[in-house]
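Observations on the three-dimensional arrangement
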Amino acid sequence: MCVDALERRESCGGHLRVESQTEDGEALRDDARFAYVAAWEWQGQGQRPVLHEEPLKFEHVHLAQRSYK
């Protein structure tokens, strides 16, 4: 979970990066690069885990910037 948070250069929902926010302090998404489900595969002690991505596909809901205020 921590590796995924460090790898995602975006803010989304409860995941807020100071360098990725709007002028109003809202989460700034990067759906072009991060619209996927991530699963990290453990490779053993001292080894970097392997990222497996599954693209998100939406039929009825569209990805959009949201305000949480």
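1. Some words on the overall build of the protein
A tally of regular secondary structure across the protein gives two helices and two strands. Overall, the protein shows an N-to-C arrangement of helices and strands of α-α-β-β. Scaling as 2.2 N^0.38, a compact globule of 69 residues should have a C-alpha radius of gyration of about 11 Å, whereas the protein reaches 14 Å, well beyond that. Taking the principal axes of its C-alpha atoms as reference, the protein extends roughly 40 × 30 × 15 Å. Of all 69 residues assigned to the protein, the portion counted as buried reaches 19%. Taking as baseline every contact in the protein between residues at least 6 positions apart, the subset at least 24 positions apart corresponds to 36%. Per element, the accessible surface of the protein, about 5,600 Å² overall, is 54% carbon and sulfur. Taking the 9 positively charged and 13 negatively charged side chains of the protein as two groups, their mean positions are separated by 1 Å.

2. Focus: the packing of aromatic side chains
Scanning the model with the defined rule gives one aromatic pair in all. The ring of Y36 carries R8 above its face, with NZ or CZ at 4.6 Å from the centroid.

3. With respect to the pattern of salt bridges
Within this structure, the stated rule accounts for six salt bridges. The closest approach of N and O atoms between R8 and E10, which form a salt bridge, is 3.3 Å. Across the pair, exposure class does not vary: R8 and E10 are buried alike. Residues E19 and R17 are paired through a salt bridge, measuring 2.6 Å at the closest nitrogen-oxygen approach. One salt-bridge network, held together by shared partners, links D4, R8 and E10.

Parameters and conventions
- Residues numbered from 1 in each chain as written.
- Predicted model: local features only at pLDDT ≥ 70, side-chain atom pairs only at ≥ 80, totals over all residues.
- Heavy atoms only, no water.
- Helix = DSSP H or I, 4+ residues; strand = E, 2+ residues; numbered from the N terminus.
- Rg over C-alpha atoms; globule rule 2.2 N^0.38 Å.
- Buried < 20%, exposed > 50% of the residue type's maximum accessible area, 1.4 Å probe, protein only.
- Contact = heavy atoms within 4.5 Å.
- Areas by Shrake-Rupley, 256 points an atom, 1.4 Å probe, with all protein chains shown as cover.
- Lys, Arg positive; Asp, Glu negative; His and termini not counted.
- Charge placed at Lys NZ, Arg CZ, Asp CG, Glu CD.
- Phe/Tyr/Trp six-rings, centres within 6.5 Å; stacked < 30°, edge-to-face > 60°.
- Lys NZ or Arg CZ within 6 Å of the ring centre and 35° of its normal.
- Salt bridge = Lys/Arg side-chain N within 4 Å of Asp/Glu carboxyl O.

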